[in-house]
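Residue-level structure breakdown
Read off the chains here:
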Amino acid sequence: MSEYPKVTREEFIKGVGNTPLIKIESLSKETGREIYTKAEFLNSGKSIKDRAAIYLLNNALSKGLIRPGGTLVEATAGNTGVALALLARTYDPPFKIRLYVPESLVQAKIDILESLGATVIKCPLVPSDDPEFFNTQAVNYAQKNDNCVHVNQMDNLENRKAHFETTGPEIWKQTGGKIDAFIVGCGTGGTFSGVSSYLKEISNGKVKAFIADREGSGLHSYIQSKGDNWDHEGESFVEGVGKLSLTGNLNDVLSIADGSFRALDIDVIITLYRLLDEDHLSVGASGAMNIFCAKQLALTLPKGSVVVTSTADSGERYAGKVFNKEWLVEKGH
Ligand code: PMP
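A brief structural summary. Starting afresh in each chain, residues are numbered from 1 along the sequence in its written order. Selection of residues for local features in this predicted model requires a pLDDT of at least 70, selection of side-chain atom pairs for listing and counting requires 80 or more, and totals for whole chains, interfaces and linings are taken over all residues. Processing note: side-chain calculations cover all non-hydrogen atoms of the structure and skip hydrogens and water entirely.

Attention now moves to the sheet that holds strand S10 (residues 306-311). Pairing is mixed in the open sheet, where six strands are placed in the order S1-S2-S10-S7-S8-S9. The open sheet is flanked by strand S1 (21-23) and strand S9 (259-263), the only strands paired with a single partner. Pairwise comparison of adjacent strand axes, ignoring direction, gives a mean angle of 30° for this sheet. The pairing criterion is simple: DSSP has to find at least two bridges between the two strands. In this text, helices come from DSSP runs of H or I with a minimum length of four residues, and strands from runs of E with a minimum of two, each type numbered from the N-terminal end. Judged from the two bridges that link them, strand S7 (residues 181-185) and S10 form a sheet pairing that is parallel. In this description, a line fitted to the C-alpha atoms serves as the axis of each element, helices being fitted only across the stretch in contact, and the angle between N-to-C directions of two axes falls anywhere from 0 to 180 degrees.

Taken together, 15 residues lie near the ligand, and Lys 49, Gly 187, Thr 188, Thr 191 and Ser 286 sit nearest. Separating an oxygen atom of the ligand from a side-chain N or O atom of Thr 188 is a distance of 2.6 Å. Using the Shrake-Rupley algorithm and a 1.4 Å probe, accessible areas are obtained, with residue cover drawn only from the displayed protein chains. Summarising the interface, the protein chains cover 94% of the accessible area of the ligand, which totals 390 Å² for the free molecule. Residues are counted as near a molecule or strand when any one of their heavy atoms sits within 4 Å of it. Counted as a polar contact is a pair of N or O atoms within 3.5 Å, where, for protein atoms, one must be capable of donating a hydrogen and the other of accepting one, and residues adjacent in sequence contribute only when both atoms are in side chains.

At the junction of Asp 92 and Pro 93, the peptide bond is cis and its omega measures out at -5° in the coordinates. Among the structural elements, Pro 93 can be located in the loop between helix H4 (79-88) and strand S4 (96-102). With a phi close to 60°, Asn 152 is a non-glycine residue in the positive phi region. Counting through the fold element by element, Asn 152 comes out in the loop between strand S6 (148-150) and helix H7 (158-174).

It is worth spelling out the pattern of salt bridges at this point. Counted as salt bridges are all cases of a side-chain nitrogen of Lys or Arg within 4 Å of a carboxyl oxygen of Asp or Glu. Evaluation of the coordinates by the stated rule reveals 15 salt bridges. Lys 109 is the partner of Glu 239 in a salt bridge, and the nearest nitrogen-oxygen pair spans 2.9 Å. Taken together, the positions of Glu 239 in the loop between helix H9 (219-224) and helix H10 (253-256) and Lys 109 in helix H5 (residues 107-115) put the pair 130 residues apart, joining distant regions of the chain. Each member of the pair, Glu 239 as well as Lys 109, carries the same accessibility label: buried. Only protein chains enter the accessibility calculation, which uses a 1.4 Å probe. A residue is then buried if its area is under 20% of the maximum for its type, exposed if over 50%, and partly exposed in between.

Right, let's get into the pairing of S7. In terms of burial, S7 is a largely internal element, five of the five residues being buried. Alternating positions in S7 separate into two faces, Ala 181, Ile 183 and Gly 185 on one and Phe 182 and Val 184 on the other, with burial throughout. Relative to strand S8 (residues 208-214), S7 runs parallel, the two being bridged by five bridges. Pairing of Phe 182 across the sheet is with Ala 209, part of S8. Between the parallel elements S7 and S8, the chain passes through helix H8 (residues 190-202) in a crossover that is right-handed. A crossover counts as right-handed when, viewed with the strands pointing away from the observer, the path leading from the first strand over the helix to the second turns clockwise.

Take a look at the structure:
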């Protein structure tokens, strides 16, 4: 049994997008700037990845790359897998789902994926040129099997298109065009590049775009050094974001990003608890990272500025880590 109600494809799609834009009252008051987050955990599949999954699957179907009953293969930190698995079962016959995930993935996400009928293969954390690398394993499997497609959220530009056509316009409408900056972390980079390029286009370049990054990722360094290096140190529990190389969806990041900010794990944890206590808001780790970085960015802008970020999923998925005392002690927090 899964926590998700069985819905038709129309019902699933109707529940994706048009998510609320929530004002973070605590940090807005503290900074004298307006800080908002897009509540993406309110999509049908409870994460932002529903948007990309719909575009990616429609694209594979319209190109004739796959027929219902076939297998969708993907390398994912979980949320895309959930979105694909929920969509898959709205087809007759349903698609099969085969997911390659990092072995560090929080068990709650693996349980959800398996309860939705997906086959989950845990992969070691190895460099991208190692044959065991999760994305490489997904590509190889899809190549060797019939009626099977590698969804490829990293490089398929339908991913950023989903955000250019839905998330970006929603933010513009919800702020009434009164927005100074957008900031978000990058996993595939679809959210960052899709939303940022839409907001820049519609505002004639007035809206600035920034990247939020975590410990152990080189993206902050890459942006700060204007593409010179991927310096990084440490490691992080924040799932779904952080990069050591560019993806197809991020290949023009240097021309879109106006800067970047970084959150340490301890900043993320403090922000998570603060949002719960003061704003009664339960966000996932990457959402807290985004909101911490949004606050840092807001402080560099004039008073009254409007900064928008997004919350990819909610805190419930991370109970085994940040809301577990043993885990906090073990990690030195
Ligand atoms: N946060 C979480 C929890 C995610 O699963 C993802 C998707 N990898 C992201 C943030 C980043 O979104 P994107 O892939 O659009 O960069």
